[in-house]
Amino acid sequence: MKAISIIGSTGSIGTQTLDIVRQSDDMKVVALAVCSNVSLLKKQISEFKPKIVAVWNEDKAKQLKNDLMDDSVCVVSGMEGLIAVATYDKADIVVTAIVGMIGIRPTVEAILAGKNIALANKETLVTAGHLIMPLAKEKGVSVLPVDSEHSAIFQCLQGECASEIERLIITASGGPFREKTYEELQYVTLEDALKHPNWSMGKKITIDSATLVNKGLEVIEARWLFGVAPEQIDVIVQPQSIIHSMVEFKDGSIKAQLGTPDMKLPIQYALNYPSRKSIQGERLDFTKLSGILLEQPNRKVFRGLDFAYDAMYVGGSMPTVYNAANECAVTKFMNKQIRFLQIYDVIDACMQAHNVISNPSLEDILETEQWVYSYIHKKFSA
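Read on for a plain summary of the structure. Because the structure is predicted, anything quoted here is derived from the model rather than measured.

Rules and cut-offs
- Residues numbered from 1 in each chain as written.
- Predicted model: local features only at pLDDT ≥ 70, side-chain atom pairs only at ≥ 80, totals over all residues.
- Heavy atoms only, no water.
- Pairing = 2+ DSSP bridges.
- Helix = DSSP H or I, 4+ residues; strand = E, 2+ residues; numbered from the N terminus.
- Right-handed = clockwise from strand over helix to strand, strands pointing away.
- 1 Å grid on protein atoms, 1.4 Å probe; cavity = no way out; pocket = protein on both sides within 12 Å on 5 of 7 lines; lining within 4 Å.
- Points joined across faces, edges and corners; volume = space filled by probe spheres on them.
- Nonpolar A, V, L, I, M, F, W, Y, C, P; charged D, E, K, R; others polar.
- Expected span 1.5 Å × (residues − 1).
- Buried < 20%, exposed > 50% of the residue type's maximum accessible area, 1.4 Å probe, protein only.
- Axes fitted to C-alpha atoms, helices over the stretch in contact; angles between N-to-C directions.
- Contact = heavy atoms within 4.5 Å.
- Polar contact = N/O pair within 3.5 Å; in protein donor to acceptor, adjacent residues only side chain to side chain.
- Disulfide = S-S within 2.5 Å.
- Salt bridge = Lys/Arg side-chain N within 4 Å of Asp/Glu carboxyl O.

## Points about the pairing of strand S4 (residues 74-77)
Judged from the 4 bridges that link them, strand S3 (residues 52-55) and S4 form a sheet pairing that is parallel. Across the sheet, the residue bridging to Val55 is Ser77, located in S4. Note on the crossover from S3 through helix H3 (residues 58-68) to S4: the handedness is right-handed.

This is the structure we're talking about:
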C-alpha cells in the first residue's frame, strides 16, 4: 500500500490525483495540504481519512480544527504546516501540486526527509533547479515529473542513455489564441483566455498556456530535469495535444509519447513508476484522426517563450524574475488591471531592470521574488 501526501489537494492536479487513488486498491492518502479551500478539504478529509492536514491560511486552519472536532486528524497551518505534510513520516511519495513559490520550501524539506517527489509545481525547478536536482541526487530521491510534456520525455528516455540525447522536443497546444495576430490580441478578454481548446486546468496555468509562458517555464524545467543544455530544447506546436513530447537521439531517431489529453495519465505514471497500471478513460483512436498537425510557434506574437530562453541563458536569479513577473502579471490580468499583451511588458521590464545573482541560494531566490513584486507595484500600479 503506497502512502501518498498531496500538497495542493484541492487544485486541478490534486483532485485528479485523488481520482486515481479512488480507482486504486494499493494507494492511500495520509496527508493533505491546501492554500484556502477548506470546504473541499473537509470533503476530502471525510473520504480519505488523512492523518495530517495543512491549511496555508492560519485563520482558516483554526476554523477547520474547530469544525472537525476530531483528534484523529492533526490540523496545522502556514509554511510549517506545509512542511509537516511534506515530511510526514508515513508518506512514501509527495505530490507537490500547489501553485506558486510557496511550494519550494516544502519540496526541499521533503527531499531532505528522503521522500520521492511527484513534481507538478513548476516554480520549484524553474527558480531552484540548480539546488533541487543535486540535492535529490545526494539524498537518493526520485523527482518524477507530472507535467504531461515532461512525463512524455521521461517515458521516452526509459532504457536510453542520457548522453545520447540530441534534443528534446516539447509540444505545445498553442492555446486559445494560436492563430490570432498581434492586433487581434490587443483586446482579448479574460474569458477568452480561459477557453483552452484541449485541457482542463486551473486559471493561472490556462492563461500561461495562452501566452506560451507555460511552455517557457516547461523549457526551463526540462533543462534541470534531464540535464541538457538550453540549445538542446525545442518547442513545436501540436494543436490536438496528442503528441505530448518527443526525444531525438544522436543517430537521428525520434521517440514520441502519444495519448489523449488527460492529466491522469502522467499523474498515475509518476505514482506507479516504474510500473504501468490500467486506468479508466478515453483511449487514443488513430482511425478517427484525419492527421496530426505540427507547426512552429509564433514567437513574434507570443513573446513569453523567447523570454524563457533569455532567462535560461543568463541563468542565476533571472529565471526567478521571469517566473515571478509572470505570476504577478497574470494576477493583474485576472483582476482586469492590465490587458493580455501587457503581461509580456511586465515580464520584459522586470528582466531588464534586474541585477542578476549568479548562484542564488534559496534565500536569494525568495528575496528576488519579493523584489519583483515590489518593482511591479511601483512601476505598474494604476
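## A look at the layout of surface pockets
Roughly 840 Å³ of volume is contained in the largest pocket. What lines the largest pocket is a set of 44 residues, among which Ser12, Ile13, Val99, Gly202 and Ile205 lie closest to the centre. Secondary-structure elements contributing two or more residues to the lining of the largest pocket are helix H1 (12-23), helix H6 (122-139), helix H7 (148-156), strand S8 (165-172), helix H9 (203-211), helix H10 (213-226) and strand S10 (243-249). In terms of residue count, H9 provides more of the lining of the largest pocket than any other element does, 5 residues in total. Classifying every residue of the lining of the largest pocket by side-chain character gives 15 nonpolar, 20 polar and 9 charged. Taken as a whole, the second largest pocket spans an internal volume of roughly 390 Å³.

## Concerning helix H13 (residues 318-334)
Over its 17 residues, H13 extends 24 Å from the first C-alpha to the last, a length consistent with the 24 Å expected when each residue adds 1.5 Å. Within H13, 15 of the 17 residues are buried, which leaves the element mostly enclosed by the surrounding structure. The first or second residue beyond H13 is Lys336, which carries a positive phi of 60 degrees.

## Notes on empty space enclosed by the protein
By the definition in use, this model includes 1 cavity of 30 Å³ or more. Considered as a void within the structure, the largest cavity measures approximately 30 Å³ in volume. Forming the boundary of the largest cavity are Leu119, Ala120, Pro145, Val146, Asp147, His150, Glu221 and Leu225. Residues that form the lining of the largest cavity fall into these classes: 5 nonpolar, 1 polar and 2 charged.

## Overview of the sheet that holds strand S11 (residues 254-258)
Across a sheet, strands are paired by hydrogen bonds formed along the backbone, either parallel or antiparallel in direction. Pairing within the open sheet is mixed, and its 4 strands lie in the order S9-S8-S10-S11. Edge positions in the open sheet fall to strand S9 (233-237) and S11, since each of these has one partner strand only. This sheet shows a mean twist of 20 degrees between the axes of neighbouring strands, independent of strand direction. Across 5 bridges, S10 lies against S11 in antiparallel orientation. Across the sheet, Ile243 pairs through a bridge with Leu258, a residue of S11. The strands touched by H10 are S8 and S9; relative to S8, the strand with the most contacts, the crossing angle is about 150 degrees.

## Comments concerning the sheet that holds strand S6 (residues 116-119)
In spatial order, the strands read S4-S3-S2-S1-S5-S6-S7; together these 7 strands make up an open sheet with parallel pairing. The open sheet has two edge strands with one neighbour each: S4 and strand S7 (143-145). For this sheet, the mean inter-axis angle between neighbouring strands, taken without regard to orientation, is 25 degrees. Pairing analysis gives 6 bridges linking strand S1 (residues 2-7) to strand S2 (residues 27-34), with the strands arranged parallel. Within S2, the residue paired with Lys2 across the bridge is Met27.

## Side note on the side chain of Thr127
When you line up the elements, Thr127 lands in helix H6. Within polar-contact distance, the side chain of Thr127 engages the backbone oxygen of Glu123 at 2.7 Å. Contacts of Thr127, omitting those with residues within four sequence positions, involve Met101, Ile104, Pro319, Thr320, Asn323 and Ile365.

## Some thoughts on the state of the cysteines
Tallied over the full model, the rule gives 0 disulfides. Of all cysteine sulfurs in the structure, the one in Cys328 sits closest to Cys35, which takes part in no disulfide; the separation is 16 Å. On the basis of relative accessible area, Cys328 is assigned to the buried category, the value being 16%.

## Focus on the environment of Ala329
Inspection of the secondary structure assignment puts Ala329 in helix H13. With relative accessibility at 0%, the residue Ala329 sits in the buried group. Measuring from C-alpha to C-alpha, the distance between Ala329 and Ala33 comes to 26 Å, with 296 residues separating the pair along the chain. Beyond its immediate stretch of four places on either side in the chain, Ala329 contacts Ile338, Ile343 and Val346.

## Brief notes about the pattern of salt bridges
Overall, the coordinates contain 21 salt bridges when judged by the stated rule. Lys264 is paired through a salt bridge with Asp19; the nearest N and O atoms lie 3.7 Å apart. In this pair, Lys264 sits in helix H11 (residues 264-272) while Asp19 sits in helix H1, placing the two residues 245 residues apart along the sequence. For Asp19, a relative accessible area of 25% puts it in the partly exposed group. Residue Glu248 is joined to Arg167 by a salt bridge in which the shortest nitrogen-to-oxygen separation is 2.4 Å.

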